[in-house]
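Take a look at the letters that make up each chain.
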Amino acid sequence: MKRCYPFGYRCERGEVVPDEAESKIVQWMFKDYEMGSSLLALADSLNARGIVFKEKMSPWSKSRVQHILTDERYIGGKGFPPIVEPELFGKISRIRESKYVEVKLASGEIRFLQKHVVCGECGSRYVRKIDKKGARYWVCEAHCDSNTISENYLLSTIKDILTDVASDRTLLESAHQSTGFQNTAEIVRMEKEWSAVNGRCGFEAGKTLLLQLASKKFSACREDKSIYTETVYQAIVKALKTGEMGEPLFREVIRKVRTGKDGSISIEFANGAIVARRR
Ligand SMILES: [Zn+2]
């Protein structure tokens, strides 16, 4: 039979009425979701019980379950006889919204960390894995003998370090990266070339080489990032006050997160300071 009504209803003598068996399933779905079930768990359970959504249609999926949990016809919308209590329907939509916000917030942070967490042992990226039980953990992409760390530990330690910094600004002033000029093989070669040419040919001929050398030397100068210390500190303090220690803050102040063999985690901040915390 072709379904022309939402799951839970049927047509009887030209009128839409609740289908006894299906409406019970709909009520069960709302109750189960209220009890903490997920869209996926509901879909799996419906498929496992052999409940057919519609003949010759694909089995239950997350989106099909979500459709039902958001369809206002179940509380009497569009003239349909209600089969779900409006209070329960309202509660479900609040639960859905809060789950959505949670996922959205977490995924921004996670996306940032997927690009910025590196192995302190070998320098490879750390990658996120999810085990069969749904536990999330991070490992070195190169499978070196560095630690596997739980996502909770990673996130809470990063937040602990940010809290440490907010309460002790001097942490941001220590352990700066070396700054200043760093010689390179290319510069050494060009300097030799320049001294060979200098004074023995006209200015025009030597000019190009001299300008190239100056430009190379300029880009070899590491920027002194300590001027950013105050900006980094203020951003952390502000985020801590407003409780917004998420992706925007990470993006603003964190350059790298490194794992250590002893289970420590360190953050390299935008001003070049490195602050660690041990397990
Ligand atoms: Zn590694």
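Residues numbered from 1 in each chain as written. Predicted model: local features only at pLDDT ≥ 70, side-chain atom pairs only at ≥ 80, totals over all residues.

A. Quick peek at the overall build of the protein. A tally of regular secondary structure across the protein gives 9 helices and 11 strands. The 279 residues of the protein split such that 19% are buried. Taking as baseline every contact in the protein between residues at least 6 positions apart, the subset at least 24 positions apart corresponds to 50%. (Helix = DSSP H or I, 4+ residues; strand = E, 2+ residues; numbered from the N terminus. Buried ≥ 20, exposed ≤ 12 C-beta atoms within 10 Å, placed from the backbone. Contact = placed C-beta atoms within 7 Å.)

B. Structural context of helix H1 (residues 20-34). End to end, H1 covers 21 Å across 15 residues, agreeing with the expected 21 Å (1.5 Å per residue, within 8%). Of all the residues in H1, the buried ones are Ser 23, Val 26, Met 29, Phe 30 and Tyr 33. Along the long axis of H1, the arc covered by the buried residues comes to 110 degrees, so they all point the same way. Facing away from the buried surface of H1 by more than 90 degrees, the exposed residues are Glu 20 and Ala 21. Phi turns positive one or two residues past the end of H1, at Gly 36, with a value near 115 degrees. (Expected span 1.5 Å × (residues − 1). Arc of directions from axis to C-beta.)

C. Fine view of the nonpolar core. Counting residues in hydrophobic clusters, the biggest one holds 25 residues, and the most contacted among them are Ile 158, Ile 236, Val 257 and Phe 269. When contributions to this core are tallied by element, the ones reaching two or more residues are strand E3 (117-119), strand E5 (136-140), helix H5 (151-167), helix H8 (229-242), helix H9 (247-253), strand E9 (254-259) and strand E10 (265-269). At 6 residues, H5 tops the list of elements feeding residues into this core. Not counting residues up to four positions away in its chain, the partners in contact with Ile 236 are Leu 162, Val 165, Ala 166, Leu 249 and Val 253. (Core = buried A, V, L, I, M, F, W, Y, C linked by C-beta atoms within 7 Å.)

D. Spatial organisation of the pairing of strand E2 (residues 15-18). Here strand E1 (residues 9-12) pairs with E2 via 4 bridges, running antiparallel. The partner of Glu 12 across the bridge, within E2, is Glu 15. Linkage of E1 to E2, two consecutive antiparallel strands, is achieved through a turn of 2 residues, within which Arg 13 is found at a positive phi near 45 degrees. (Pairing = 2+ DSSP bridges.)

E. Looking closely at the sheet that holds E3. Ordered in space as E3-E9-E10-E11, the 4 strands form an open sheet in which the pairing is mixed. If you trace the sheet from one side to the other, it starts and ends with E3 and strand E11 (274-277), each paired once. Strand-to-strand twist of the sheet, defined as the mean angle between neighbouring strand axes without regard to direction, takes the value 25 degrees. Relative to E9, E3 runs parallel, the two being bridged by 3 bridges. Within E9, the residue paired with Val 118 across the bridge is Arg 258. Docked against the sheet, H5 engages E9, E10 and E11, running at close to 125 degrees with respect to E11. (Axes fitted to C-alpha atoms, helices over the stretch in contact; angles between N-to-C directions.)

F. Up close: the sheet that holds E5. An order of E4-E5-E6 is seen for the 3 strands of this open sheet, with the pairing classed as antiparallel. Both outer strands of the open sheet, strand E4 (126-130) and strand E6 (149-150), are each paired with one neighbouring strand and no more. Both E5 and E6 contribute to a ladder of 2 bridges, which runs antiparallel. From the neighbouring strand, Trp 138 faces E6, where its bridge partner is Ile 149.

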